[in-house]
Amino acid sequence: MPETSGSTGPTPETHVIDFRAAEQLLAARDPRGAVKLLDGVIAAHPENTAARLLRARAFFAAAQLRPAELEFSIVLEREPDNAYAHFALARTYERQARHDEAKRHFRLAAALDPNPQYLKAARFDS
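Remember, predicted model here, so these are calculated numbers, not experimental data.

Turning next to the side chain of His105. Relative to the helices and strands, His105 resides in helix H6 (residues 99–112). A relative accessible area of 8% means that His105 is categorised as buried. Looking at His105, its side chain comes within polar contact range of the side chain of His86, at 2.9 Å. In this structure, His105 is in contact with Leu76, His86, Phe87, Leu89, Ala90 and Tyr93, ignoring residues within four places of it in sequence.

The subject of this paragraph is helix H2 (residues 31–44). Its 14 residues give H2 an end-to-end C-alpha distance of 20 Å, which sits within 8% of 20 Å, the value for a rise of 1.5 Å per residue. A bend of about 25 degrees at Leu38 is the largest found in H2.

Looking at the secondary structure, you find Asp18 in helix H1 (residues 12–27). Separated by 53 residues in sequence, Asp18 and Glu71 have C-alpha atoms that sit 18 Å apart. Excluding anything up to four places from it in sequence, Asp18 contacts Leu37 and Val41.

Here the structure, examined in full by the defined rule, presents two aromatic pairs. Judged by centre distance (5.6 Å) and plane angle (55 degrees), the rings of Phe87 and Phe106 are tilted. Pair noted here: Phe87 is in helix H5 (residues 83–95) and Phe106 is in helix H6, with a separation of 19 residues, a long-range link. Take Phe106: its relative accessible area is 0%, and that puts it in the buried class. An aromatic cluster of three or more residues is present, and its members are Phe87, Phe106 and Tyr118. Over the face of the ring belonging to Phe60 we find Arg95, whose NZ or CZ atom lies 4.5 Å from the ring centre.

So, about the side chain of Thr49. In this fold, Thr49 is placed in helix H3 (residues 49–61). When residues no more than four places from it in sequence are discounted, the contact partners of Thr49 are Val75, Arg78 and Glu79.

Let us now look at the nonpolar core. Counting 32 residues, the largest nonpolar core has Leu38, Ala51, Leu54, Phe72, Phe87, Phe106 and Tyr118 as its most contacted members. Put simply, the parts of the chain that give this core at least two residues each are H1, H2, H3, helix H4 (65–78), H5, H6 and helix H7 (116–122). In contact with Leu54, not counting residues within four places along its chain, are Phe19, Ala22, Glu23, Leu26 and Leu38.

Quick notes on the rules
- Residues numbered from 1 in each chain as written.
- Predicted model: local features only at pLDDT ≥ 70, side-chain atom pairs only at ≥ 80, totals over all residues.
- Heavy atoms only, no water.
- Helix = DSSP H or I, 4+ residues; strand = E, 2+ residues; numbered from the N terminus.
- Buried < 20%, exposed > 50% of the residue type's maximum accessible area, 1.4 Å probe, protein only.
- Polar contact = N/O pair within 3.5 Å; in protein donor to acceptor, adjacent residues only side chain to side chain.
- Contact = heavy atoms within 4.5 Å.
- Expected span 1.5 Å × (residues − 1).
- Bend = angle between axes of the 7 residues up to and from the residue.
- Phe/Tyr/Trp six-rings, centres within 6.5 Å; stacked < 30°, edge-to-face > 60°.
- Lys NZ or Arg CZ within 6 Å of the ring centre and 35° of its normal.
- Core = buried A, V, L, I, M, F, W, Y, C linked by side-chain atoms within 4.5 Å.

Written out as structure tokens, the structure reads:
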């Protein structure tokens, strides 16, 4: 019988699989399941901005707004030019009735990317 390496615990390949599965869970409207998978990925790879952004989206979808805000903020510390993260953080603030903070991030998103959705939300005309 072949000997195994004796490795216990998740491998980098397992984390990739968990990340992809979390994307599918979020698409299937199971944000809490996605968060559970991403918790392990982020514990092993705290620098992984893509996993943090996906977990932020999952928290937002699960109406866990404070954790979503924290994750979007971490993404923006690392990638201040991430228009989507600014937009999503603005939506998070908006859902918390923090309109001034939301407006600032909507405008930053629109300034970074002239996406029509970002421009509309930025309300530059008001």
